[in-house]
Amino acid sequence: MQKYGGSSVADAESIKRVAKRIVETRKAGNDVVVAVSAMGDTTDELLDLAHEVTPIPDARELDMLLTTGERISMALLAMAIKSMGVEARSYTGSQAGMITDSRHGSARIVEVTPVRLREALDEGAIVIVAGFQGFNRDSKDITTLGRGGSDTTAVALAAALEAEVCEIYTDVDGVFSADPRVVKKAHKIDVVTSEEMLELAAAGAKVLYIRAVEYARRHGVTLHVRSSFNNSEGTWVVDAYDKEKMVEEPIITGVAGDLNEAKITVVGVPDVPGKAADIFEIVARTGANIDMIVQNVSAAATGLTDISFTLLKAEGEKVLTALKAEQGDVGYESLQYDDQIGKLSVVGAGMRTSAGVSAQLFRALSDAGINIEMISTSEIRISVVTRADSLNDAMRIVHTAFGLDGELDAEVHGGTGR
Ligand code: ADP
Ligand code: ASP
Ligand code: MG
């Protein structure tokens, strides 16, 4: 199983290059199934176009529109392969049997029935599948799996077809200790545990989509993230560090940054039981996901407290509207909205058994004059909120402070990083 991301199929030349690679894999004696993303920034461009037509595009129609991107690349790729004298067939998500629930824009895979893919493989053809899309049986409508969802397509097909390995081909040499576009001294990681990869993906490292990592972990799919621009070994996502081969697990494996979140502060909430529940029930009804939450101690004189939480910017507006509508019932004073925040996270399995990581992180940031606004932790991750415009500096500083800088500057091949 191979997956090629948008930056690997950005133009006709790239498609021909990828076709050659796929044919070589086939000629080496493998059955090959390929999931492919939309060319370059096509998905973003289609989204922009939709928003030019209407501020809130209809969810069903938006999925109809966005799935065309992957149909373009799958057909072109199949053509390129056929022109090399090798049989190839392209399939949409629904033809490939990617059955999902009905949530447009973030559908989940419920079943994979790749009957037609098996037939094509049995007939010796290379199979090309449009990534990022599925089909809901009840509504009989086309769905999409969320941004970055072609990774999930690849993993789900790898699981259903019991593929030996799921290779994720992209524009960098693998998973790095930080986004190489931001931290030039980032180094490639040879192996990473799925647990760390989940945390990194959730913290904003978009090299792998979080749902794909989850799916791979649940179904025992072996992931290999590598470059489509060269033949070097990439990053293997493993269940656990091989204690026999590795000296010890790294305390910090990687640093990630995220600029997609915003902070809402509910100011002047009565400090009595039930208010947090009220607020977060309102938020939950909007379907928005909350990331960090901070509640301050109330000033004794007023008996009022502030509650801040972070969420995706894209969901900010609807949550604010919902909270405003119930201001009277909850009894808070006002709302503040801040979309100029950045989230920095450090992730490492060795953190579990190592003291002082937080202190080292906070010291590095304070030495650089970067203010920390919120903090949250898991067993193997520490995240802090900073000003958005200091996030990239913060990432470089923290990367250096934890001794992660490599010898050479990391190479980024194609892509705009959009
Ligand atoms: P594709 O089009 O192949 O799906 P993406 O743009 O989704 O590619 O993901 C690859 C990009 O992810 C890289 O170009 C890089 O800028 C970014 N990235 C963020 N964090 C990391 C990381 N830790 N390691 C590697 N790449 C990262
Ligand atoms: N084309 C989709 C996106 O840009 C899916 C993907 O590339 O994985 O999000
Ligand atoms: Mg991607």
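Everything that follows concerns the structure shown earlier in this document.
Owing to the predicted nature of the structure, the values given are computational and were not obtained by experimental measurement.

Now for the packing of helix 5 (residues 150–160) against helix 7 (residues 210–219). Viewed as axis vectors pointing N to C, helix 5 and helix 7 meet at an angle of 15°, and their least axial separation amounts to 8 Å. Comparing their axes, helix 7 and helix 5 come out roughly parallel. For the pair helix 5 and helix 7, the crossing hand works out as left-handed. Packed against helix 5, whose contacting residues are Asp151, Thr152, Val155, Ala156 and Ala159, the element helix 7 presents Arg211, Ala212, Tyr215, Ala216 and His219 at the interface. Grouping the constituent residues of the contact of helix 5 with helix 7 by class yields six nonpolar, two polar and two charged.

In this section: the sheet that holds strand 3 (residues 88–91). Hydrogen bonds along the backbone pair up the strands of a sheet, which may run parallel or antiparallel. Pairing is mixed in the open sheet, where eight strands are placed in the order 3-6-2-1-9-11-12-10. Because the sheet does not close on itself, it has two edges, and the strands there are strand 3 and strand 10 (191–193). With direction set aside, neighbouring strand axes in the sheet form an average angle of 20°. Summarising the sheet, strand 3 and strand 6 (residues 126–130) pair through four bridges and their orientation is parallel. Its bridge partner lying in strand 6, Tyr91 is registered against Val129.

To continue, consider the pattern of salt bridges. Under the definition given, this model contains 26 salt bridges. Residue Glu111 pairs with Arg137 through a salt bridge whose shortest N-O separation is 2.9 Å. Note that Glu111 is positioned in strand 5 (residues 109–112) and Arg137 in the loop between strand 7 (133–136) and strand 8 (141–144), a separation of 26 residues in sequence. Looking at Glu111, the relative accessible area reads 34%, which means it is partly exposed.

With that settled, the discussion passes to the side chain of Glu167. For Glu167, the location among the structural elements is in strand 9 (residues 166–170). Among the polar contacts listed, one links the side chain of Glu167 to the side chain of Gln2, at a separation of 3.1 Å. Separated by 2.8 Å, the side chains of Glu167 and Tyr169 make a polar contact.

What follows deals with the environment of Gly303. Position of Gly303 relative to the elements: it lies in the loop between strand 15 (290–295) and strand 16 (304–312). For the pair Gly303 and Asp271, spaced 32 residues apart in the sequence, the C-alpha separation amounts to 5.6 Å. In this structure Gly303 touches Val269, Pro270, Asp271 and Ser298, once residues within four positions along its chain are discounted.

Rules and cut-offs
- Residues numbered from 1 in each chain as written.
- Chains lettered and ligands numbered in written order.
- Predicted model: local features only at pLDDT ≥ 70, side-chain atom pairs only at ≥ 80, totals over all residues.
- Heavy atoms only, no water.
- Axes fitted to C-alpha atoms, helices over the stretch in contact; angles between N-to-C directions.
- Helix = DSSP H or I, 4+ residues; strand = E, 2+ residues; numbered from the N terminus.
- Parallel < 35°, antiparallel > 145°, perpendicular 65-115°, else oblique.
- Left-handed = near helix turned anticlockwise from the far one by under 90°.
- Contact = heavy atoms within 4.5 Å.
- Nonpolar A, V, L, I, M, F, W, Y, C, P; charged D, E, K, R; others polar.
- Pairing = 2+ DSSP bridges.
- Salt bridge = Lys/Arg side-chain N within 4 Å of Asp/Glu carboxyl O.
- Buried < 20%, exposed > 50% of the residue type's maximum accessible area, 1.4 Å probe, protein only.
- Polar contact = N/O pair within 3.5 Å; in protein donor to acceptor, adjacent residues only side chain to side chain.

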